[in-house]
Amino acid sequence: MRKRLGATAAVVASLVASLVLAACSNPSSGSGDSGKSGPAGWPKETAKLNGTTLTIWAAQNSNTVAKKVISDFQAATGAKVHVVTIPDPYEQGVQTKVASGDKPDLAFWQPTASELTSLNATTNLQTLDGAPWIAKFQPALRNITGLLNGKRYAALISSPAVEGVYYNKQVFAKYGITSLPKNLDELLADARQIKAKGGTPFYEMGGDKWATQWWVQVQLADAAKNGLWDRVNANKEKFTDATILNAIKKYKALVDEGLFNKNITSATFVDQGKALLAGDAAMVMQVNSFFGELQASASTDELNQKIGFFPISPSGNVGTFIPDQSNAVVAFKTGDSKRETAARQFLSYWLGSEYPKYLAAQNTVSLETGVASPSTVPDALKSVAAAVPTSVGSMQALAVANPDLYLNLANMLAGTMSPQKVASTTQAQFAQLAKAIGAPGYK
Amino acid sequence: MSSSSRTRRRFVHPVLVTVLLLFALGVPLWLVVVTSGKSRGDALSPSLSLPKHGWHFGANYSKAFTDGRVWSAFVGSVSIVVPSVVLLLLFGAMAAWVFARRRGFVVAMLYAIAISGIVLPPAVITLVLLLRQLGLAGTLTGMVLVYTGIYMSTAVFFITGFIRTIPPQLEEAARVDGAGPIRIFFTIVVPLLRPVLATATILICLYIWNDVFYAFFVIGGRKDTLPLNLFQVASAGLYLNNWHLIFAYVVLMSLPLLVAFAVAQRRIISGITGGAVK
Amino acid sequence: MTLTTSTDAARASGAPLPPPGRAAQPGSGARRQVRPGQPWWFLLPALAVLTTFFLVPTVYNLVYAFTDWSSFKTAINPVGFENFRSLLSSGVLLADLRTTVIYALLVALFQNVFGLLLALLLEADTKLNRFARVMFFIPVIMSALAVGYVFQALLKPTGVVNSILGAVAGHPVRYAWLADTRWTLLYVALIHAWKWMGLAMLIYLAGLKTIDQDALEAARIDGASTWQTFWQIRFPLLAPAMTFNVATAMLGWMNSFDIVQATTGGGPAQTTEILNIFIYRTFGQGLFAQATTMSLVLLLVIAVMAFPTIWLLRRRERVL
């Protein structure tokens, strides 16, 4: 009896021990990673793929983007393409699944260097250098994003989002603003004019939080152009230094001045859209997905009539671009060279012969020189796209890591953090991430 | 008891219960049911008011049913919960019998290991990696084994405690009569365990039926379960919540357990009476 | 016998008895009798599944707390106690720990009080009561996700609760229930209790039913009021039910993640950020090792909180 018990205990103990001993090896490698066999170049767009199934991961707000492309691709090649929606928070769900060894063939992903790093691009993603569609892109947009350490990992499929001001044309007219502000000071002057006449100049979504960071980033546009983020990346400048800290302080001062909506701490993304459409507020500092939300509740004609867009920076009308997850697609190294090649083929098809049909179905701006944008694209989106070539990179685009600045700013709006604390907390987070990434200067 | 307090009891009590029901339950449930019957526009701001644009119960429920693939999700959920519960109760009871009857340092040590799972948080990534190595990732079998592993400690804990309160005379008598352990276990011990098995079944069913977290990482995207599909239905719009569909789905999702409970209510309560709190 | 003996108390607690040598073994008969053979291999299936699908991954994972595992690179290197050090020096861990403990205590309190009150109210087997019992069990059955959605809709500034309050108060009420940096934690704990009070009610109902009617009759004849009957006879006899409820409330910490995540996501201003949510967020940033470190800390906190509480409650059962 004792012996049998001893045997049971021994088996259990050895199981535990052996796996604990193996703990120093990375759990997510060695599970079907591709080794030497790579995809076979760039195949013809409509080569037959019968029997191949591709999986695309998409977020809740991007899972219908490729619908037309997929159905046409399936018809043209015989392949099956399956879209899987990863619930929000999207990046987290994807990262966790990838870490546990689960990989799709393609996925929507933010093409910034920091996000590509967080997906461990060099190990997990295929490089897209030499793709046939790169030359088709407008020169200014070819290398604006999607690159990490000189290699291309992400394919841009829609105009990168730009941070700027969406305004209600009718409200501007109502308060006597006849020309668009040409720099930040003029913008604030206009805002004060609106406030003096009893209107609400700006509407912020402190409840849903993620948009609070645009105000700070837009103020940093000039500095970004002068290499602010390079210095931060090298640990030569911190969030707590004057440039960034003052931008945070100014944001707080503007809110305290009363230029924002009263329910700023609980307002949601949906509230923001409603308020701007209804004319309850004059302006909103936001990115493209905001306009997408407006499009879900109003027609293009109504939007063309009411909503306009202009980029803004301290010294001019310069936008800050921040490509988001719905702007780009990455291809994974799955170890199955047939599927890897098929994934590349899918991208070539999408950005090649299918491109005009895709633009028409999505009603979005064209990024390629040979293809015209559909005429039905709303004016505001056209303004946004026009701002891209001259725009400056945002924190997400230029910094090596992506701290939760928006969260700390939302806390500031709720009154639980001072601007100083926001800066120091964000800095601590940034340093921690940079260190984990192995950025020089943060060891 | 005086007659006035008795009359008080006869009137006050039901009134109190009704008021409580109305506010604590009536309001939220009314919201769910009414919103699930509204059109999309009406449902954008969920409220207690009746719909302005007519009732859409049929349209909403059938859309939730098809979009959320309710039938296959139901099958998925059932095919995970049932085997998990069976395995947990069977293995748990078997182990609990040994833990409850045997004495000694080794037994105590093994028991401590067995119930350590109650406090330890399950680790998702390593779990999924293990499943991949065993070839079970994304399978229903894998999911069942995961849940069995996670809740085994709870099962062992409750069943062991219960067995210890049962006098071993019956078992001893059977053994003296020459019955083998397996026979003793299944014919004598298990029938006496009915109350605690009932309690354990309810608890485990509740935890597993509604689980999204583990299901997402183990079988997400590949198999349907009711809570996973609720996510899909809830996210079917571009940032706008389709409250009417969400709530229709919530109703559909809660119905099976509710029906089971209503039917078995008396047995469940008497089961628990004999079980955890005697 | 109406009074409880240590036997009945032990039986009532449904818990493992004190280890041998400390107290007399109830119901074991003479020790010299041969014990029925419980085969050792009966332990195997349970232990095998538990070890393989739970213990091994969990221990494996905890080991990573001592490394620099992240999503940014493939190599993993041991770093000793570095993660713990940096975690403790940031204020967030302590703040979230505080929130977690407060939340757990609030939930245990509310769930039990509401459950007990409901059980007392619905004790008699009238038709209305039986119906009410089923109804109160509905939130228990609903998924936490669903509960989250429902209360989000109810507690919006322009939501149902405010319109009802507005109707009663006579002027519009626009209180943002889920955006109050002071009180939202309380509201979320109430929501959590709302979801689970049906279960506590059920357990207390069962407990009430096992109380011997003779003792209550005797007390009534002696002239004890309802209040006295409750506090001096019934409440003490409910001790095992209370242990069960408090134990499941405190050990059900995984459930609390769902509800908090669905209603506030940790906000506003991280005032409802229980440790689970912080872990989730850190994990999402790709800092896997740091998230694991926090899991380890959470584990210790739960052990420190739960075990003494359960031990105390068990002792109380035995005494009573």
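Remember, it's a predicted structure, so these values are computed and weren't measured experimentally.

Considerations on the overall build of chain C
Now for step 1: Along its length, chain C carries 14 helices and zero strands.
Now for step 2: The secondary structure elements of chain C, listed N-terminal to C-terminal, are α-α-α-α-α-α-α-α-α-α-α-α-α-α.
Now for step 3: Within chain C, counting contacts between residues at least 6 apart in sequence, those at least 24 apart form 67% of the total.
Now for step 4: Just so you have it, chain C exposes about 13300 Å², and 66% of that area is on carbon and sulfur atoms.

Some remarks on helix α9 (residues 181-192) of chain B
Residue and element names in this part refer to chain B.
Now for step 1: The end-to-end C-alpha separation of α9 is 16 Å, in line with the 16 Å expected for twelve residues at 1.5 Å each.
Now for step 2: Within the sequence span of α9, burial applies to Ile184, Phe185, Ile188 and Val189. Summarising the axial view, the buried residues of α9 lie within an arc of 125°, below the 170-degree limit, and thus occupy one face.

Looking at a nonpolar patch on the surface
Now for step 1: Residues Trp30(B), Val33(B), Leu50(B), Trp55(B) and Phe57(B) make up a contiguous nonpolar surface patch of about 500 Å² in total accessible area.
Now for step 2: When you line up the elements, Trp30(B) lands in helix α1 (residues 3-35).

A short note on the pairing of strand β8 (residues 283-286) of chain A
All names here are of chain A.
Now for step 1: Burial of the side chains of β8 extends over both faces: Met283 and Met285 are buried on one face and Val284 and Gln286 on the other.
Now for step 2: Here strand β7 (residues 162-168) runs beside β8; their pairing, made up of four bridges, is antiparallel. Across the sheet, residue Tyr166 finds its bridge partner in β8, namely Val284.

Some details on the interface of chain A and chain C
Now for step 1: With 41 residues of chain A at the contact, the number on the chain C side is 35 residues.
Now for step 2: Summed over both sides, the interface of chain A with chain C buries roughly 3400 Å², with 63% coming from carbon and sulfur.
Now for step 3: Lys435(A) is the salt-bridge partner of Glu82(C), the closest N and O atoms lying 4.0 Å from each other.
Now for step 4: At the surface where chain A touches chain C, the tally comes to three residue pairs in polar contact (both at pLDDT 80 or more).
Now for step 5: Going through the elements one at a time, α1 (2-21), α3 (90-99), α4 (113-118), α20 (405-413) and α21 (419-437) of chain A are the ones with two or more residues in the side of chain A that touches chain C.
Now for step 6: Considered class by class, the residues forming the side of chain A that touches chain C number 19 nonpolar, 18 polar and four charged.

Here we look at the pairing of strand β9 (residues 307-310) of chain A
All names here are of chain A.
Now for step 1: Neither face of β9 is left uncovered, since the one carrying Ile307 and Phe309 and the one carrying Gly308 and Phe310 both have all their residues buried.
Now for step 2: Across four bridges, the pairing between β7 and β9 is antiparallel. By the bridge assignment, Tyr166 is partnered in β9 with Phe309.

Re the packing of aromatic side chains
Now for step 1: Under the definition given, this model contains 49 aromatic pairs over all chains.
Now for step 2: Ring geometry for Trp97(B) versus Phe185(B): centroids 5.3 Å apart, planes at 40°, classification tilted. Here Trp97(B), found in helix α4 (residues 70-101), pairs with Phe185(B), found in helix α9; they are 88 residues apart in sequence, far enough to count as distant. Take Trp97(B) and Phe185(B): they sit in the same class, and that class is buried.
Now for step 3: Put simply, the rings of Phe73(A), Phe108(A), Phe346(A), Tyr349(A), Trp350(A), Tyr355(A) and Tyr358(A) touch in pairs and so form one group of aromatic residues.
Now for step 4: In this arrangement the basic side chain of Arg102(B) is found over the ring face of Trp40(C), its NZ or CZ atom lying 4.6 Å from the centre.
Now for step 5: Stacked on the ring of Tyr111(B), the Lys or Arg Arg164(B) has its end atom at 5.7 Å from the ring centre.

What about the side chain of Asn245(C)?
Now for step 1: Checked against the element boundaries, Asn245(C) lands in helix α11 (residues 239-251).
Now for step 2: Residues in contact with Asn245(C), not counting those within four places in the same chain, are Asn112(C), Leu199(C), Ala200(C), Ile203(C) and Tyr204(C).

So, the domain arrangement of chain C
Residues and elements named next belong to chain C.
Now for step 1: Partitioning chain C into domains gives domain 1 (56-90 + 285-320) and domain 2 (97-277).
Now for step 2: The straight-line distance from the C-alpha centre of domain 1 to that of domain 2 is 29 Å.
Now for step 3: At the junction of the two partners, domain 1 supplies 14 residues and domain 2 supplies 17 residues.
Now for step 4: Buried surface at the junction of domain 1 and domain 2, summed over both partners, amounts to about 1400 Å²; 85% is from carbon and sulfur atoms.
Now for step 5: Counting the surface domain 1 buries against domain 2, the share from its top three residues, Leu298, Met305 and Arg316, is 35%.
Now for step 6: At the junction of domain 1 with domain 2, the criterion picks out zero salt bridges.
Now for step 7: Where domain 1 meets domain 2, there are zero residue pairs in polar contact (both at pLDDT 80 or more).
Now for step 8: For the side of domain 1 that touches domain 2, a count of residues per class yields ten nonpolar, one polar and three charged.

Comments concerning the side chain of Asn411(A)
Now for step 1: Assignment of secondary structure puts Asn411(A) in helix α20.
Now for step 2: In this view, Asn411(A) contacts Thr416(A), Met417(A), Ala269(C) and Gln270(C); residues no more than four positions away in its chain are not counted.

Points about the sheet that holds strand β3 (residues 106-108) of chain A
Residues and elements named next belong to chain A.
Now for step 1: Overall, mixed pairing links the five strands, which are arranged β2-β1-β3-β11-β6 in an open sheet. If you trace the sheet from one side to the other, it starts and ends with β2 (80-85) and β6 (154-156), each paired once. Across the sheet, the axes of successive neighbouring strands diverge by a mean angle of 25°, strand direction being ignored.
Now for step 2: Summarising the sheet, strand β1 (residues 53-58) and β3 pair through two bridges and their orientation is parallel. If you follow Ile56 over to β3, its bridge partner there is Leu106.
Now for step 3: Packing of helix α2 (residues 67-77) onto the sheet brings it into contact with β1 and β2, and relative to β2 it is tilted by some 155°.
Now for step 4: Across the face of the sheet, helix α16 (residues 337-351) comes into contact with β1, β2, β3, β6 and β11 (328-331) while running at roughly 65° to β1.

Comments concerning the interface of chain C and chain B
Now for step 1: Between chain C and chain B, the residue contacts involve 96 residues of the former and 101 residues of the latter.
Now for step 2: Between chain C and chain B, the buried area comes to about 9100 Å², and carbon and sulfur atoms account for 78% of it.
Now for step 3: A per-residue breakdown of the area chain C buries against chain B is headed by Gln38(C), Phe42(C) and Phe53(C), which together make up 9% of the total.
Now for step 4: Each residue belonging to the side of chain C that touches chain B can be placed in one class, and the counts come to 67 nonpolar, 21 polar and eight charged.

Quick look at the nonpolar core
Now for step 1: Trp229(A), Met283(A), Phe346(A), Trp350(A) and Leu193(B) are the most contacted members of the largest nonpolar core, which totals 345 residues.
Now for step 2: If we skip the residues at most four places from it in the chain, Met283(A) touches Val165(A), Tyr166(A), Tyr167(A), Phe172(A), Leu187(A), Ala191(A), Ile194(A), Pro201(A), Phe202(A), Tyr203(A), Leu276(A) and Phe310(A).

Side note on the pattern of salt bridges
Now for step 1: Using the criterion set out here, one finds 14 salt bridges over all chains in the structure.
Now for step 2: As a salt-bridge pair, Arg101(B) and Glu171(B) come within 2.6 Å of each other at their nearest N and O atoms. Highlighted residues: Arg101(B) in helix α4 and Glu171(B) in helix α8 (residues 169-176), separated in sequence by 70 residues.
Now for step 3: Owing to a relative accessible area of 5%, Arg101(B) belongs among the buried residues under this scheme.
Now for step 4: Across the salt bridge formed by Arg85(C) and Glu82(C), the nearest N and O atoms sit 3.0 Å from each other. With Arg85(C) and Glu82(C) both in helix α3 (residues 82-89) and three residues apart, this pair spans about one turn of that helix.
Now for step 5: What emerges from the salt-bridge pattern is a single network uniting Asp105(A), Asp336(A) and Arg339(A).

Things to note about the confidence of the model for chain C
Now for step 1: In the predicted model, chain C carries a mean pLDDT of 77, and 86% of its residues have values of at least 70.
Now for step 2: Below a pLDDT of 50 lies the segment residues 1-33 of chain C, which in the model reaches 51 contacts outside its immediate sequence neighbourhood of four places, other chains included.

Some details on the environment of Ala372(A)
Now for step 1: Looking at where Ala372(A) falls in the secondary structure, it is placed in the loop between α17 (355-362) and α18 (379-387).
Now for step 2: Excluding residues within four positions of it along the chain, Ala372(A) makes contact with Leu359(A) and Ser366(A).

Observations concerning α20(A)
Now for step 1: Taking burial as the measure, the nine residues of α20(A) include eight buried ones, the bulk of the element.
Now for step 2: Among all positions of α20(A), only Leu405(A), Leu407(A), Asn408(A), Leu409(A), Ala410(A), Asn411(A), Met412(A) and Leu413(A) are buried.
Now for step 3: Buried positions along α20(A) lie against α9 (213-219), α12 (242-257), α19 (395-398) and α21 of chain A together with α13 (275-284) of chain C.
Now for step 4: Where α20(A) terminates, the next one or two residues include Gly415(A), which has phi positive at roughly 90°.

About the criteria used
Residues numbered from 1 in each chain as written. Chains lettered and ligands numbered in written order. Predicted model: local features only at pLDDT ≥ 70, side-chain atom pairs only at ≥ 80, totals over all residues. Heavy atoms only, no water. Helix = DSSP H or I, 4+ residues; strand = E, 2+ residues; numbered from the N terminus. Contact = heavy atoms within 4.5 Å. Areas by Shrake-Rupley, 256 points an atom, 1.4 Å probe, with all protein chains shown as cover. Expected span 1.5 Å × (residues − 1). Buried < 20%, exposed > 50% of the residue type's maximum accessible area, 1.4 Å probe, protein only. Arc of directions from axis to C-beta. Patch = residues over 30% accessible without salt bridge, like charges linked within 9 Å, V, L, I, M, F, W, Y side chains within 5 Å. Salt bridge = Lys/Arg side-chain N within 4 Å of Asp/Glu carboxyl O. Pairing = 2+ DSSP bridges. Buried area = accessible area lost by both parts, 1.4 Å probe. Polar contact = N/O pair within 3.5 Å; in protein donor to acceptor, adjacent residues only side chain to side chain. Nonpolar A, V, L, I, M, F, W, Y, C, P; charged D, E, K, R; others polar. Phe/Tyr/Trp six-rings, centres within 6.5 Å; stacked < 30°, edge-to-face > 60°. Lys NZ or Arg CZ within 6 Å of the ring centre and 35° of its normal. Domains from an automatic or database assignment. Axes fitted to C-alpha atoms, helices over the stretch in contact; angles between N-to-C directions. Core = buried A, V, L, I, M, F, W, Y, C linked by side-chain atoms within 4.5 Å. pLDDT = per-residue confidence, 0-100.

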